[in-house]
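# A structural walkthrough
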Amino acid sequence: RDQQASRDAYQAFRQLVTQFPQSRYADDARLRMDYIVNALADYEVHVARYYLRRGAFVAAANRAQQVVQEYPQTPANEEALFIMQLSYGALGLEPLRADTERVLKQNFPNSRFDAEGVRRTKRAWWQLW
């Protein structure tokens, strides 16, 4: 789905916070802005995960890289770095894979993705394939 509505909401909350920083709504707007940024980053990781499952490793690496660049302080960065590492490894780009692995281990020393791998979406009970 298109995330333009979320970006528009973020801009509206940002405008409220910058124009009326002492407003009683400013604190709530800041919390909502944080939520929106996290949701946008999660969506990009979701798309990168989809590309990874489909074998589109360049697209997966690009989407994951976009998360790291545009949303640097979000919790989705850990999975984005892991997806980048897997994609670079599948593409045979060993220097990039090693660099990404180094960054992942430095920023997330106890990464759960090393043990669990990429998060899988649960299928409905009625899906057989």
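These numbers come from a predicted model, not from an experiment. (Residues numbered from 1 in each chain as written. Predicted model: local features only at pLDDT ≥ 70, side-chain atom pairs only at ≥ 80, totals over all residues. Heavy atoms only, no water.)

## Points about the packing of helix H2 (residues 26–54) against helix H4 (residues 77–91)
Running from N to C, H2 and H4 cross one another at 25°; their axes reach a closest spacing of 10 Å. By the angle class used here, H2 and H4 are roughly parallel. Pair H2 / H4 crosses with left-handed handedness. Contacts between H2 and H4 pair Val45, Ala48, Arg49 and Leu52 from the former with Glu79, Ala80, Ile83, Leu86 and Ser87 from the latter. Residues belonging to the contact of H2 with H4 are distributed by class as follows: 6 nonpolar, 1 polar and 2 charged. (Axes fitted to C-alpha atoms, helices over the stretch in contact; angles between N-to-C directions. Helix = DSSP H or I, 4+ residues; strand = E, 2+ residues; numbered from the N terminus. Parallel < 35°, antiparallel > 145°, perpendicular 65-115°, else oblique. Left-handed = near helix turned anticlockwise from the far one by under 90°. Contact = heavy atoms within 4.5 Å. Nonpolar A, V, L, I, M, F, W, Y, C, P; charged D, E, K, R; others polar.)

## Examining the pattern of salt bridges
Taken as a whole and judged by the stated rule, the model has 6 salt bridges. One salt bridge in this structure joins Arg30 and Asp27, with 3.0 Å as the shortest N-O distance. Within this pair, Arg30 and its partner Asp27 are both found in helix H2, separated by 3 residues, close to a single helical turn. Using a relative accessible area of 34% as the deciding quantity, one classes Arg30 as partly exposed. Note on Asp27: relative accessible area 55%, which makes it exposed. Its salt-bridge partner being Arg49, residue Glu79 comes within 2.8 Å of it at the nearest N-O pair. Here Glu79, found in helix H4, pairs with Arg49, found in helix H2; they are 30 residues apart in sequence, far enough to count as distant. Considered together, Glu79 and Arg49 belong to a single accessibility category, that of buried residues. Here the salt bridges share partners, and the residues they tie into one network are Glu94, Arg97 and Glu101. (Salt bridge = Lys/Arg side-chain N within 4 Å of Asp/Glu carboxyl O. Buried < 20%, exposed > 50% of the residue type's maximum accessible area, 1.4 Å probe, protein only.)

## Details of a nonpolar patch on the surface
A surface patch of nonpolar side chains, about 310 Å² in accessible area, is lined by Val58, Leu91, Leu93 and Leu96. Here Leu96 shows up in helix H5 (residues 94–107). (Patch = residues over 30% accessible without salt bridge, like charges linked within 9 Å, V, L, I, M, F, W, Y side chains within 5 Å. Areas by Shrake-Rupley, 256 points an atom, 1.4 Å probe, with all protein chains shown as cover.)

## Notes on the confidence of the model for the chain
Overall, the predicted model of the chain reaches an average pLDDT of 90, with 88% of residues at or above 70. Mean pLDDT values over the elements of the chain span from 73, in helix H6 (residues 113–116), up to 96, in helix H3 (residues 57–70). (pLDDT = per-residue confidence, 0-100.)

## Topic: the packing of aromatic side chains
The tally for this structure, following the rule as stated, stands at 2 aromatic pairs. Look at Tyr50 and Tyr51: their rings are 5.8 Å apart centre to centre, the planes differ by 55°, and that puts the pair in the tilted class. By relative accessible area, which is 38% here, Tyr50 ends up partly exposed. Overall, the relative accessible area of 26% leaves Tyr51 in the partly exposed class. With 5.8 Å between their ring centres and 25° between their planes, Phe82 and Phe113 make a pair best called stacked. A residue pair is termed long-range when its members are at least 10 positions apart, and Phe82 in helix H4 and Phe113 in helix H6 qualify at 31 residues. Each member of the pair, Phe82 as well as Phe113, is classed as buried. (Phe/Tyr/Trp six-rings, centres within 6.5 Å; stacked < 30°, edge-to-face > 60°.)

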